[in-house]
Amino acid sequence: MTYAASEITVRVGSATLLENASLEVQPGEIVAVAGPNGAGKTTLVRALSGDVDPAAGSVIMAGRALRQWPPGELARRRAVMSTDRAVAFAFSAQEVALMGRMPLHGGDPNDSDRAVIDSLLGAVDCTHLAARVFATLSTGERQRVQLARAIAQVADADDAHESAPETSERYLLLDEPTSSLDPAHQHAAMRLLRREADAGRGVLAVLHDLNLAAAYADRVALMHDARIVEIGPPSQVLRADLLEQVFEMPMLVIPHPHLPHPLVIAEPHAELD
Amino acid sequence: MGIGAVAISPAEVVAILLGQLGLEQVWEYTDRQETVLTAIRIPRVLATALVGAAWAGAGVAVQGLYRTPLADPALVGIGGGAALGAALGVAAAVSLGIVAQLSGTLLVTVSAFVAALAAAAIVYRVASASGRVVVATMLLAGIALSAFFAALTALVVAASRTPELGTVAFWTLGSFAGVVGRDVLVAGVIVIPAVLVLARLGPRLDALALGETEAGHLGIDVPRLTIAVTVIFALLTAVAVAVAGVIAFVALMVPTVVRAWVGQPHRFVAIGAGLLGATFLVIADVLARSLFSPVELSIGVITTLVGAPFFLWLLLRERGLLAR
C-alpha cells in the first residue's frame, strides 16, 4: 500500500508545470522533494493532494484513486500542509492546531484530541504560544503551529474516535514545512516527522535545505524543469555532478564527518566546470 | 414597550398583558393604551428583536464565509438587492391585492430573498480571485452595487405610485413604524431556525478560517458549505429588509463585539450575535422613536451614528491585513 503518483502531467495554459512525474511514498518513510525555485515542487504537492487535476496520469492512495475517497475518510488518512496561509479572525494557536483534529471530532474535540495537540505543540516548541492569537505570531512560529495541526490530523490518539481509521497507514504531504525555521527548530520538526514515519506515516516533504534532506529523508526526489530527474537514497541523489547540473552552481559533496550521510556545500566562488 | 408618543408605565404594561390573558385589571389603563401596546408596541418590539438577530446572524455568516470582519450584507450591496426585491414584491402584492395578507408578506420576503441571492452572486463573482474573496474589491464593489440598487429601488417607488411602497428613506435607512403581526410571524419562523442552522455549521466555518483549500483538506465540502451559508445570509437579510428596510452596520458591529466577548468559534458567535443583535436593535429603536418624540427617526440613523465610527476603527485595526 502506498501513496502514488504515476506519470502525472500538470499544465496551466501553455505552461507545463509538471511533466510525466511518478513517485511513491511508502508508509514509514520520509521522501524529501528538492530542487530549484520553479522546478515544480509545489505543483507536485498540489497534484498529489488533489488541489490541481493533472492533465494526464493518476494519483492513488492505498489502492484507490484520490477522487474515489469520500472527503471525510480521505481527511482522516491524509493531511496536507501548504505554504504559509493567513488564518482569519483571532483564533488562538491552540484552536488552530485543534482544527487539525476536525475530521475526527467533527467540532467536538475530546480530551484525547487535546492531549494530542498539547503533545504536538510541545514537540514543535509552541506550548508557550498556545494561547496567543495565531495571526500575531512570527512566520516561523506560524509554520510550527501549522505543522502541528497537519500532524495532528493523522496522529495516533489514546482514546480514538469511532471515525478514526483502523490502519496506521496514513500520509503527510508537506510543502516547505521548515523553510522559516531556525536550525534548532528545523531539526526538532524533522525529528518529529521521523517519529511519525516510524509510527507508520508516509511523509512527503518539500525541503530546500539539502542537508536536512540528507540527514532525515529515506529517499530524495530531485526536481528540475517540471520533471523528477532523480529519486533514491540521499547518497545516490545528492551527487555533486547532478546538483551542479540542477542548481547551476558549483557544489561540494563530502561525507559528513560524524554521521553516515553526505554533506552538501554550495560553492558560489568556485568555477563551474 | 412603555416608551413612545403614548406613555404607558411599566405597571400599566404588566396590567395590559395580564388583561390579555383574561385577568381583571390590576392597574388602571385606558383602551387607547391597550390598543397601542397590543397592536403596535408588542409586534414592533418582537419584530425589532428578530430583525436585529437576523442582521447580526447574516453578519456572522457573511464574515465567516468571506473570512473577514469587514463584511456587512448591508454595505456590500446584498441588503440593497434585497430592498429592490422587496420593493418589487410590494408592488406585485399591491397589484394582486394581497399586500395586507400573510401571502403578501411571504411574496415580499421571497422576492427579497431571490434578489439578495442574486446580489450575493454578483458580489462573489466580482470580488473573488481564484476562490478567495478580496476584501477591498468586495467593499468597492459594494459601494457601486448599493448605489445601483438604491437607484433602482427609487425608480420602483416612483414608478409604482402606491402608498404601500412607502418612501425611499424607508428602504435605505430602515424603520419599524409600519410593523404588523404577520411580519413577526414570518420573521420568527425564518430567523430563529436560520441562526440555529448557522450555529450548527460553526465548526465548518472555523475550519474555513484556515483557507478554502485547507478546509477542503480537513474533509469539508467547501462548495456545499458556501451555498448553505450564502442561502442563510440571503434569507436573513431578505427577512430583515422585508420587515424594516436596510439597516446598516448592525451586521458589521455585532459579530465583532461578540467575538471579543465569547471567543472565535462560530458556533458561539452565531448564537451570541443573534441575542446581542436583538438587544441592540431594540434599544436603537427605542432611541429612534423617543429622542425627538413625537417625531420618529429612521432607525438606520441611530445604527449608522454608532456603526460608521466603529467601521473606521475596524479598518484602522485591519489595515495591515487589507494591504496584503
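Criteria and cut-off values
Residues numbered from 1 in each chain as written. Chains lettered and ligands numbered in written order. Predicted model: local features only at pLDDT ≥ 70, side-chain atom pairs only at ≥ 80, totals over all residues. Helix = DSSP H or I, 4+ residues; strand = E, 2+ residues; numbered from the N terminus. Rg over C-alpha atoms; globule rule 2.2 N^0.38 Å. Buried ≥ 20, exposed ≤ 12 C-beta atoms within 10 Å, placed from the backbone. Contact = placed C-beta atoms within 7 Å. Expected span 1.5 Å × (residues − 1). Pairing = 2+ DSSP bridges. Axes fitted to C-alpha atoms, helices over the stretch in contact; angles between N-to-C directions.

Chemist: Is there a simple way to think about the overall build of chain A in this case?
Modeler: Within chain A, the secondary structure is distributed over ten helices and twelve strands. With respect to the principal axes defined by its C-alpha atoms, chain A has extents near 60 × 40 × 35 Å.

Chemist: Which parts of the structure should I look at to understand the overall build of chain B?
Modeler: Check the secondary structure of chain B and you find 13 helices and two strands. For 324 residues, the compact-globule estimate of 2.2 N^0.38 gives 20 Å, and the C-alpha radius of gyration of chain B, at 20 Å, lies within 12% of that figure. By its C-alpha atoms, chain B is 65 × 45 × 35 Å across when sized along the principal axes. Here chain B holds 324 residues, and the buried ones make up 53% of them. Excluding contacts between residues fewer than 6 apart, the proportion of contacts in chain B whose partners are at least 24 apart in sequence is 76%.

Chemist: When you look at helix α11 (residues 250–262) of chain B in this model, what are you seeing that I'm missing?
Modeler: An α-helical segment advances 3.6 residues per turn. Residues three or four places apart therefore align on the same side. Residue and element names in this part refer to chain B. If you check α11, its first and last C-alpha atoms are 18 Å apart, about what 13 residues at 1.5 Å a residue would give, namely 18 Å. Along α11, the residues that are buried comprise Val250, Ala251, Leu252, Met253, Val254, Pro255, Thr256, Val258 and Arg259. Phi for Gly263, located one or two positions after α11, is positive at around 100°.

Chemist: Explain the pairing of strand β2 (residues 15–25) of chain A to me, please; I cannot follow it from the model alone.
Modeler: Along any regular strand, the residues point their side chains to alternate faces of the sheet. Residues and elements named next belong to chain A. Sheet analysis places strand β1 (residues 3–12) next to β2, joined by seven bridges and oriented antiparallel. Paired with Ala5 across the two strands is Leu23, which belongs to β2. Here β1 folds back onto β2 in antiparallel fashion, the turn holding two residues, of which Gly13 has a positive phi close to 60°.

Chemist: Explain unusual backbone geometry here, please?
Modeler: The bulk of non-glycine residues show a negative phi, and the bulk of peptide bonds are trans. All names here are of chain A. You will see that Glu7, though not glycine, has its phi angle at about 50°, which is positive. Within the fold, Glu7 resides in strand β1. What makes Glu7 exposed here is the crowd of 12 C-beta atoms within 10 Å. Even without a glycine there, the phi angle at Ala226 is positive, about 70°. Relative to the assigned elements, Ala226 resides in the loop between β9 (219–224) and β10 (227–232). Assessed through the 21 C-beta atoms surrounding it within 10 Å, Ala226 is described here as buried.

Chemist: Help me understand the sheet that holds β2 of chain A in this model?
Modeler: What holds strands together in a sheet is hydrogen bonding between their backbones, with the strands either parallel or antiparallel. One open sheet accounts for four strands, arranged β2-β1-β4-β5 (chain A); its pairing is antiparallel. Both edges of this open sheet fall to β2 and β5 (64–65) of chain A, since each of them pairs with a single strand only.

Chemist: Looking at this model, I keep getting lost on the sheet that holds strand β7 (residues 170–174) of chain A. Mind explaining?
Modeler: All names here are of chain A. With respect to topology, six strands assemble into an open sheet ordered β6-β7-β8-β3-β9-β10, the strand pairing being mixed. Of all strands in the sheet, those with a lone pairing partner are β6 (78–81) and β10, marking the two edges. Adjacent strand axes in the sheet meet at a mean angle of 15°, parallel and antiparallel pairs treated alike. Judged from the four bridges that link them, strand β3 (residues 30–34) and β9 form a sheet pairing that is parallel. Paired with Ala32 across the bridge in β9 is Val220. With respect to the sheet, helix α1 (residues 41–49) is in contact with β3, β6, β7, β8 (201–206) and β9, its orientation differing from that of β8 by roughly 150°.

Chemist: In this structure, what is going on with the interface of chain A and chain B? I would like to understand it.
Modeler: You'll often see interface size given as the accessible area lost when the parts meet. At the interface, 21 residues of chain A touch 18 residues of chain B. Secondary structure elements with two or more residues in the side of chain A that touches chain B: α2 (71–77), β6, α3 (93–99) and α4 (102–105) of chain A. With four residues, α2 of chain A is the single largest residue contributor to the side of chain A that touches chain B.

Chemist: Just to check I follow, could you spell out the environment of Pro69 of chain B for this structure?
Modeler: Of note, Pro69 of chain B is situated in the loop between α2 (31–66) and α3 (78–96). C-beta crowding within 10 Å serves as the criterion here: with 22 such atoms nearby, Pro69 of chain B is assigned to the buried category. Each C-alpha atom, one on Pro69 of chain B and one on Leu252 of chain B, is 7.2 Å from the other, the two residues being 183 residues apart in sequence. The contacts of Pro69 of chain B, once residues within four sequence positions are left out, are Phe89 of chain A together with Gln63, Pro255, Thr256, Leu314 and Glu318 of chain B.

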